[in-house]
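Inside the fold
The primary structure of each chain is shown beneath.
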Protein chains: 2
Amino acid sequence: MRISELSRTTGVTVATIKYYIREGLLPPGIPVSATQAEYDGSHVDRLRLIRALVDVGRLSITTVRELLATLETPQEERGGQKEREEEAIQDRVGRAVATAHRSLSPRPPAGTPPPERALAAMATIGWPVDPQTPALRELETALAGLDAVQLAPSEATLRTYAAAALSVAEADVTGMPGRSPADTVRYVVIGTVLYEPVLIALRRLAQRHVFQQIGSPPRR
Amino acid sequence: MRISELSRTTGVTVATIKYYIREGLLPPGIPVSATQAEYDGSHVDRLRLIRALVDVGRLSITTVRELLATLETPQEERGGQKEREEEAIQDRVGRAVATAHRSLSPRPPAGTPPPERALAAMATIGWPVDPQTPALRELETALAGLDAVQLAPSEATLRTYAAAALSVAEADVTGMPGRSPADTVRYVVIGTVLYEPVLIALRRLAQRHVFQQIGSPPRR
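Just so it is clear, the structure is predicted and the values come from calculations on it, not from any experiment.

Attention now moves to the side chain of B:Arg203. Here B:Arg203 lies in helix α9 (residues 181-215). Once you skip the residues sitting within four places of it in the chain, B:Arg203 turns out to touch A:Ala165, A:Val168, A:Ala169, A:Asp172, A:Gly191, A:Thr192, A:Tyr195, A:Glu196, A:Leu199 and B:Tyr161.

Shown next as structure tokens:
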């Protein structure tokens, strides 16, 4: 298809499509003349993915580029020994999760102190964790912010949040579609970003649900 | 204290403090001369709150202004009938939650179709919900994004996410400090924003925890 049809199919303007190609987010089409190129279904899929990451995940173009690069680096593909395949998938998925998280977290400036508050929280929760994990830095910032306004979570609240996060993470893993490494990595990377807004929206809806239940006695 | 000391105490530059005053986020100090004003502990608290909302909550200045306005509108304060006080607090808290969510969600443009995908999800989950709830719009966007990349949640996944969100919302309510209406409203509004990054960071940490457990058998 031509770029105009790609635009109609996906609802993304031609100017934006050209911008994504320049920025390396979308592969260029195959040239069919000096001024025209041909696009296919893979471009449609890629554009939908970019829009989802930008619109729903609210990611910057730079972050989207890094995430897409993760999807395209099949580092484990070279080997080929059947009996190692399963383990290789798990390893790759673990690495993809780490890369996804890294590209979502701003790198801390050199000399940033270790995330001690977050590490203490992890000890309370009981999950062993690599101190370099990027999400630990996010947790540190969040807890420091709560400390500053004297709304730090109690140990009980922290454990409740952790249990909720764990049940969701387990559902993420169980819900994995397909068995191919490419599918799995794609699901993990995209799912990390796109399911976060689902969880946030549901928490807000749950808050209203709870307040409605305790707030107003049934009238009849 | 003078503005220089307010800056030292909070780590916010004088230029930024003046910007917040101009933007109406921070009340001006009490003038003590033509060029100097006096600030107190309430300014320190307010500045820490603004920084937490900006740094941790990643909110825009406009959104912070709207949230702070919520904290300062004690619409229920006029009455005074003791027996109605408790109910008034619940009502106010419910309204504060609604206002907090509204100021966090971009208003949909006129003519936006109803969030049917999100309403269907709510029916699956079993929470009655006002179709105007702003978080419903966020859920709609998130689910539409997942549909576009063929990663829509199964009913089971949706229920797991909802159960996790509900347990967290119940902990939010149980964890409420103090009994004064002002405290309660402050906690709800700030907690909605500042606990979201905690939940997101914990979900990412939980994902790694789950993948570590299934990925690498214990070596010993």
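On to helix α8 (residues 155-174) of chain A, then. For the α-helix, the turn length of 3.6 residues means that residues three or four positions removed from each other point alike. The end-to-end C-alpha separation of α8(A) is 28 Å, in line with the 28 Å expected for 20 residues at 1.5 Å each. Regarding α8(A), the residues found buried are A:Thr157, A:Leu158, A:Tyr161, A:Ala162, A:Ala164, A:Ala165, A:Val168, A:Ala169, A:Ala171, A:Asp172 and A:Val173.

A separate point is unusual backbone geometry. Residue and element names in this part refer to chain A. Non-glycine residue Gln150 carries a positive phi angle of around 55 degrees. By the secondary structure assignment, Gln150 is in the loop between α7 (134-148) and α8. Classification of Gln150 as exposed rests on a relative accessible area of 70%.

Residue and element names in this part refer to chain B. Viewed as axis vectors pointing N to C, helix α3 (residues 41-55) and helix α4 (residues 61-71) meet at an angle of 130 degrees, and their least axial separation amounts to 10 Å. Judged by the inter-axis angle, α3 sits oblique to α4. Note on packing geometry: the crossing formed by α3 with α4 is right-handed. Each of Arg46, Leu49, Ile50, Leu53 and Val54 in α3 lies in contact with α4, whose residues at this interface are Ile61, Val64, Leu67, Leu68 and Leu71. Taken together, the residues of the contact of α3 with α4 break down into nine nonpolar, no polar and one charged.

In the structure shown here, the tally under the stated rule is four aromatic pairs over all chains. For the pair A:Tyr161 and B:Tyr195, a centre-to-centre distance of 5.5 Å together with 45 degrees between the ring planes defines the contact as tilted. Here A:Tyr161, found in helix α8, pairs with B:Tyr195, found in helix α9, and the two come from separate chains. The same class applies to A:Tyr161 as to B:Tyr195, namely buried. Here B:Tyr19 and B:Tyr20 contribute two aromatic rings whose centre-to-centre distance is 5.9 Å and whose plane-to-plane angle is 45 degrees, an arrangement assigned as tilted. Given the relative accessible area of 2%, B:Tyr20 is considered buried.

The rules behind these values
Residues numbered from 1 in each chain as written. Chains lettered and ligands numbered in written order. Predicted model: local features only at pLDDT ≥ 70, side-chain atom pairs only at ≥ 80, totals over all residues. Heavy atoms only, no water. Helix = DSSP H or I, 4+ residues; strand = E, 2+ residues; numbered from the N terminus. Contact = heavy atoms within 4.5 Å. Expected span 1.5 Å × (residues − 1). Buried < 20%, exposed > 50% of the residue type's maximum accessible area, 1.4 Å probe, protein only. Axes fitted to C-alpha atoms, helices over the stretch in contact; angles between N-to-C directions. Parallel < 35°, antiparallel > 145°, perpendicular 65-115°, else oblique. Left-handed = near helix turned anticlockwise from the far one by under 90°. Nonpolar A, V, L, I, M, F, W, Y, C, P; charged D, E, K, R; others polar. Phe/Tyr/Trp six-rings, centres within 6.5 Å; stacked < 30°, edge-to-face > 60°.

Taken by themselves, the reported measurements are silent on function.
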